[in-house]
Amino acid sequence: MPYMVLCEDSTDGEKLRSQYLQEHLTYVEGVLGKICVAGPTIKCGEQYSGSCFIYNTDELASAKKLLENDPYHMHGVYKSCCFVKFVPAAGHWIGGVTW
């Protein structure tokens, strides 16, 4: 069962995102096989407010390590992150339904 991680940006998140974008993208490309889906979140307008990652791992420790090694995390883009197990049960991304 994958882990979903919701991260909320720090007050300097916007500035830090642009500063470390290339390092972050390179890291994501390097661990792409361990990511089900990932991308920024937007609260209002077009400004990023955080990130969502769904990691293809059953282990919390592995999900934490994937996030901790991300340059965005290492350089303080996020002020908080929440890890929860995610049950993909329905949708076209998973080919229908699981029941």
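Each remark here, short or long, concerns the structure printed above.
All values derive from a computational prediction rather than experimental measurement.

## Topic: the packing of aromatic side chains
Considering all chains together, one arrives at three aromatic pairs under this definition. Plain terms: the ring middles of F53 and Y78 are 6.5 Å apart, the flat faces sit at 85 degrees to each other, and that makes the pair edge-to-face. Linking F53 in strand β3 (residues 48-55) with Y78 in strand β4 (residues 78-85), this pair joins segments that are 25 residues apart in sequence. As far as burial versus exposure is concerned, F53 and Y78 are alike and both buried. For the pair Y72 and Y78, a centre-to-centre distance of 6.3 Å together with 80 degrees between the ring planes defines the contact as edge-to-face.

## Section: the nonpolar core
By size, the foremost hydrophobic cluster in this structure holds 17 residues, and its most contacted members are V5, C7, F53, Y55, L67 and Y78. For this core, the secondary-structure elements that each account for two or more residues are β1 (3-9), α1 (13-30), β3 and α2 (60-68). Among the elements that make up this core, the one with the highest residue count is α1 (four residues). Among residues more than four places away in sequence, those in contact with Y55 are P2, Y3, V5, K34, I35, C36, A63, L66 and L67.

About the criteria used
- Residues numbered from 1 in each chain as written.
- Predicted model: local features only at pLDDT ≥ 70, side-chain atom pairs only at ≥ 80, totals over all residues.
- Heavy atoms only, no water.
- Phe/Tyr/Trp six-rings, centres within 6.5 Å; stacked < 30°, edge-to-face > 60°.
- Helix = DSSP H or I, 4+ residues; strand = E, 2+ residues; numbered from the N terminus.
- Buried < 20%, exposed > 50% of the residue type's maximum accessible area, 1.4 Å probe, protein only.
- Core = buried A, V, L, I, M, F, W, Y, C linked by side-chain atoms within 4.5 Å.
- Contact = heavy atoms within 4.5 Å.

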